[in-house]
Amino acid sequence: MSPSESNPIPMTSKGSGEATAQSVGAIQPQPHQRNPSSKQRRKGPLSDQILDFAARASGVGIVLLLVALLVVLTNAAWPSIKANGFGFLTGTTWRVNELERPQRDSAGKIVYDANDEMVMIIEPAVYGAAPVIYGTVISSTIALVLAVPLSLGAALFLVRIAPRWRVAAPVAFFIEFLAAIPSLAYGVWGIFVLVPFMGKVVGPAAKASLGEIPLFDWLFFRTLNVGGQNTRYEITINGWNMLTGATVLAIMILPIITAISRDVLRAVPRQQIEATLALGATWWQSSWMMLRYARAGLFGAIILGLARAAGETMAVTMVIGNKNQIVASFFEPAQTMASLLATEFAEAKPDQRSSLLHVALVLLIISLGINILARWLVVGSASKGSAGH
Amino acid sequence: MIITTALIHRTPYQRFTRATSAVMACICVAFAAMILAILAMVVVYLFTRGFNAVSLDFFTKLPTGDQTNPGGMLNGLVGTGVLIALASAFGIPFGVLAGIYLSEYPDDRWFTGPVRFICDVLAGVPSIVVGILGYELLVVPLGGYSGWAGAGALAFIMIPIVARTTEEMLRLVPRAYREGSLALGATKAQTIFRVVLPSATGSVITGILLALARIAGETAPLLFTAGYSRLLTTNPNEPFPSLTIQIYQASQNASPAQQNLAWAGMLVLVTCFLILSAAIRFVASRSIRTPS
Amino acid sequence: MTSLDTNKASMPPSQSNQVLLRPIDMTERAPQARRYEVIEAIRANREHTPSIHQIVDPKDSVLSIRGFSLWYSKSQALHKVSLEIARGRVTALIGPSGCGKSTLLRSVNRLNDLIDGVRVDGSMNVSGQSVYGPGVDVIDLRKRVGMVFQKPNPFPTSIFENVVYRLRIDGVRSRSTLRDACESALRSAALWDEVKDRLDQSAMGLSGGQQQRLCIARAIVADPALLLLDEPCSALDPIATLRIEELIREISRRYTVLIVTHNMQQAARVSDATAFMYLGRLVEYGPTRAIFQVPKLPETEDYVSGRFG
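All of the points below concern the structure found in this document. Everything numeric here is computed off the predicted structure, so don't read it as measured data. (Residues numbered from 1 in each chain as written. Chains lettered and ligands numbered in written order. Predicted model: local features only at pLDDT ≥ 70, side-chain atom pairs only at ≥ 80, totals over all residues. Heavy atoms only, no water.)

All names here are of chain C. Here strand β9 (residues 257–260) shows a buried face lined by Val257 and Ile259 and a second buried face lined by Leu258 and Val260. Where strand β4 (residues 90–94) meets β9, 4 bridges bridge the pair, whose relative direction is parallel. Bridging from a neighbouring strand, alanine 92 pairs with isoleucine 259 of β9. This β-α-β element, strand β8 (residues 226–230) to helix α10 (residues 238–251) to β9, shows right-handed connectivity. (Buried < 20%, exposed > 50% of the residue type's maximum accessible area, 1.4 Å probe, protein only. Helix = DSSP H or I, 4+ residues; strand = E, 2+ residues; numbered from the N terminus. Pairing = 2+ DSSP bridges. Right-handed = clockwise from strand over helix to strand, strands pointing away.)

And the structure:
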């Protein structure tokens, strides 16, 4: 939503019983003068004073909401911020429990103490956010890769092929309608339909067709260092994995990208299209010019879809497998920032909790950044009426 | 597009570009059809599974947590209703007032500009982060999950949406109405509440209803605020049930009976949603055509 | 050649404006005594015969319109218009708003096809090739006919890319060919000197008049058989307008131009032949000098002197 341009007149409070210069007649102050009465404004009637106070208080309240969000989160995440610093973002291990393991010397051999027992080291819990950041980034990226071509194609269809009233309007209405379905619905559908489909159909099909090709080796096999030895084992594809999560996300962001792209393309002036046609361009050549013209707004639409995908919780949590790891193959389970919070927050220990809040803070900042960027792009292209050069 | 017959004297490049154009057009049609098919598939599947699963029990019984006799989601239905009511009690006045502020106080431009920006920013906060904020602010100090915390989290989501839609709708009211009212000697407050707001009532209500529909479908903010409860209760001081959380819990359960319950819940949720959205749009189109 | 030749060349430019409009002698004929027979026939929807000063030799005809009618859904916008446009001339279409001149122009390159519910009847031929016949390749047609629109509409790319777009969509890739064609087109459009150092800069940075000349260059880069100008100066300031008018006179040496204008003085300054239209029908068509000085119909005389319309 962009702020509309029209401004209602500035209403000044009327002095009770006294007609002053600033009442009714003065509608708009001259642009180069300030409203002469603003400095000497008398207090208006009680109802106006109350309204002014309440309205301004609500404005302040809105600011407080954001301030509260940032302050509370930062405060609660502070122990983790202090302990981990920026290394939090790159730490690749997220282990909630302590780990007891035998101490090894510099040569890698186990150290034994005087009683011939292994010396055990207790490693504390370590919190690194890199796996969930990776999970969020990759799942959102795959979702975009799947959704953007479909959405742009559908938007072109709606604007340039479909008859306006009989086809384009109902189809667009249907798609926008579905944009409002709660994400829980997609999650439930994902669990019962998409996960089995991925596990029993897509996985085996992919393995059958691509499994032998060395180029795709990373998709189906993983090499782990177990007890000092590299063993290669085959990934079991059971449907609870990153790809499923990304697919659900893609389905969820289809409506929003399609709707905004359609609006952006409809704003391209007709004369641009006529100019290409008058030069003898084919349908695709003139559509390509249309996409070029609207590229800023289209990019904004895509980023808005990305923002929705990155912040999505329920649908992703239910199908992604919830395993905090960085692995190459998207047929393996994964975890996003939002799904980590959903699964671990409720029963977290204190230090775990502050790390989780640290993750929430990172998620918040990333989401806000993407949203601001998207709004700037979409509003910019709509108000300029033309794409950037 | 006119389908042409083959002309003899055409260069290979021209044939190529025309073929490309035809292919791309077909791809665009196919993509649009795919999107429709996928979305329709999801909705249809939800409806069919849900129809088979829903029964009168769903609306009358409480969840038992039992594997074979899961009961119903009566408390969830009631709970969501109560949560929406509580959230609205706080969120609607706050949001509408903020909308009035943004629209009717242009002299405060130095402040309303940032406030408007912050509204848009708040609308983009992931709902789970809102839930975590609710936990830190309303659960920890009060000692446990509660309906108040859940309503608070929902209100947090609701307020920026209501504020911005109210502002947009109020801006559409013509200047002439305000001028006429002031010229008759009305105060600003009277002008706003007797003239401006009533003339935008339909669309403001539409905006509010859309916000309500949105929060009715939210799950993540309630996970750590209202929590989960199997009781039928309207007391917001304790962990509070909600339809979305019930459905989520049921879906995580391995027993087919519980999963069936999840489907039934899903059907009810989505149906209410679609009916509500259709009704909202219907009201919106009517109110735009006949400004009061 | 026909007498159209002598129209503009014989008159020094400074005098042409003054001479073309005869002083109106009000005493001779009272207004109500002038019978607009053709206009009345048109208004009553009766058959009428347009007054055509001379028939264009078919060898010279670039655009041949025969009995062309067009309907927008239910309402008829053009009624059996017949017109021959001669090669190497500038022909102007004039008439009051709603007379169908823009519709007729856009029908030549079939841009009206983009509008829902458009129906046509009759025939049009460009260089002997049918425009509306069965199996006509619209894209090919549009490649042979160039168009410049009312409001300059350059693409949001560089000046160079704008000009060579027409060649690129034909697959021409050789950099030297493109550069030569670009220079030649920009020279013909009297824009080369102003932009030759910034061909790679965005076309959006040019002034309105420059953008319009760029659009003209874009339209002529592939030597179209016919150049259609749809009120090309109506969005420009007077100085830019004058430059475009000079340019039109220049390029009419190489191209055939059909220009729609609501500005009669412009038609008088710029064109060799003028067609006067009213309510979707052709009223009078002849050499510009004749139309403006010795029109055959009182309607035409009154329209060009501003007494009606």
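Glancing now at helix α4 (residues 101–108) of chain C. By the criterion of burial, α4 of chain C is predominantly enclosed, with 7 of the 8 residues buried. The set of residues buried in α4 of chain C consists of Lys101, Thr103, Leu104, Leu105, Arg106, Ser107 and Val108 of chain C.

Residues and elements named next belong to chain C. The antiparallel open sheet is built from 4 strands, whose spatial order is β3-β2-β5-β6. The open sheet is flanked by β3 (75–86) and β6 (129–130), the only strands paired with a single partner. Where strand β2 (residues 61–72) lies against strand β5 (residues 118–126), 8 bridges are found, and the strand directions are antiparallel. Note that in β5 the partner of leucine 70 across the bridge is valine 120. Strand contacts of α4: β2, β3 and β5, with the helix running at about 115 degrees to β2, the strand carrying the most contacts. (Contact = heavy atoms within 4.5 Å. Axes fitted to C-alpha atoms, helices over the stretch in contact; angles between N-to-C directions.)

The next point concerns the environment of leucine 65 of chain A. By the element assignment, leucine 65 of chain A lies in helix α1 (residues 46–84). Discounting chain neighbours no more than four positions away, the residues touching leucine 65 of chain A are Leu122, Phe156 and Ile159 of chain B.

Right, let's talk about the interface of chain A and chain C for a bit. Many descriptions give the size of an interface as the accessible area lost when the pieces come together. Chain A puts 20 residues into the contact, and the matching count from chain C is 24 residues. A combined buried area of about 2000 Å² lies between chain A and chain C, and 64% of that area is made up of carbon and sulfur atoms. Taken as a group, Gln271, Ala278 and Leu279 of chain A account for 30% of the area that chain A buries against chain C, more than any other trio of residues on that side. Remark: the boundary between chain A and chain C carries 1 salt bridge. Residue glutamate 274 of chain A pairs with arginine 106 of chain C through a salt bridge whose shortest N-O separation is 3.1 Å. If you look at where chain A meets chain C, you find 4 residue pairs in polar contact (both at pLDDT 80 or more). For the side of chain A that touches chain C, the secondary-structure elements that each account for two or more residues are α8 (270–278) and α9 (283–293) of chain A. Broken down by element, the side of chain A that touches chain C gets its largest block of residues, 8 residues, from α8 of chain A. In terms of residue class, the side of chain A that touches chain C is made up of 7 nonpolar, 9 polar and 4 charged. (Buried area = accessible area lost by both parts, 1.4 Å probe. Salt bridge = Lys/Arg side-chain N within 4 Å of Asp/Glu carboxyl O. Polar contact = N/O pair within 3.5 Å; in protein donor to acceptor, adjacent residues only side chain to side chain. Nonpolar A, V, L, I, M, F, W, Y, C, P; charged D, E, K, R; others polar.)

Moving on, we come to the interface of chain B and chain A. Counting from both sides, the interface comprises 92 residues of chain B and, opposite them, 88 residues of chain A. Interface area for chain B against chain A, summed over the two sides, is near 8300 Å², with a carbon-plus-sulfur share of 79%. It is Ile35, Leu39 and Arg171 of chain B in chain B that bury the most area against chain A; as a group they hold 8% of the surface buried on that side. At the surface where chain B touches chain A, the tally comes to 1 salt bridge. The interface formed by chain B and chain A contains 10 residue pairs in polar contact (both at pLDDT 80 or more). Considering each element in turn, the side of chain B that touches chain A owes the most residues, 21 residues, to helix α1 (residues 12–53) of chain B. Taken together, the residues of the side of chain B that touches chain A break down into 59 nonpolar, 17 polar and 16 charged.

A word on the packing of aromatic side chains. Taken as a whole and judged by the stated rule, the model has 20 aromatic pairs over all chains. Pairing phenylalanine 345 of chain A with tyrosine 135 of chain B gives two aromatic rings, centres 5.0 Å apart and planes at 85 degrees, and the pair type is edge-to-face. With one member in each of two chains, phenylalanine 345 of chain A in the loop between α12 (337–344) and α13 (350–384) and tyrosine 135 of chain B in helix α5 (residues 127–139) form a pair that bridges those chains. Like tyrosine 135 of chain B, phenylalanine 345 of chain A is buried. Ring geometry for phenylalanine 276 of chain C and tyrosine 303 of chain C: centres 4.7 Å apart, planes at 20 degrees, overall stacked. Here tyrosine 303 of chain C lies in helix α13 (residues 298–304) and phenylalanine 276 of chain C lies in strand β10 (residues 273–278), a separation of 27 residues in the sequence. The exposure classification of phenylalanine 276 of chain C matches that of tyrosine 303 of chain C, with both residues buried. (Phe/Tyr/Trp six-rings, centres within 6.5 Å; stacked < 30°, edge-to-face > 60°.)

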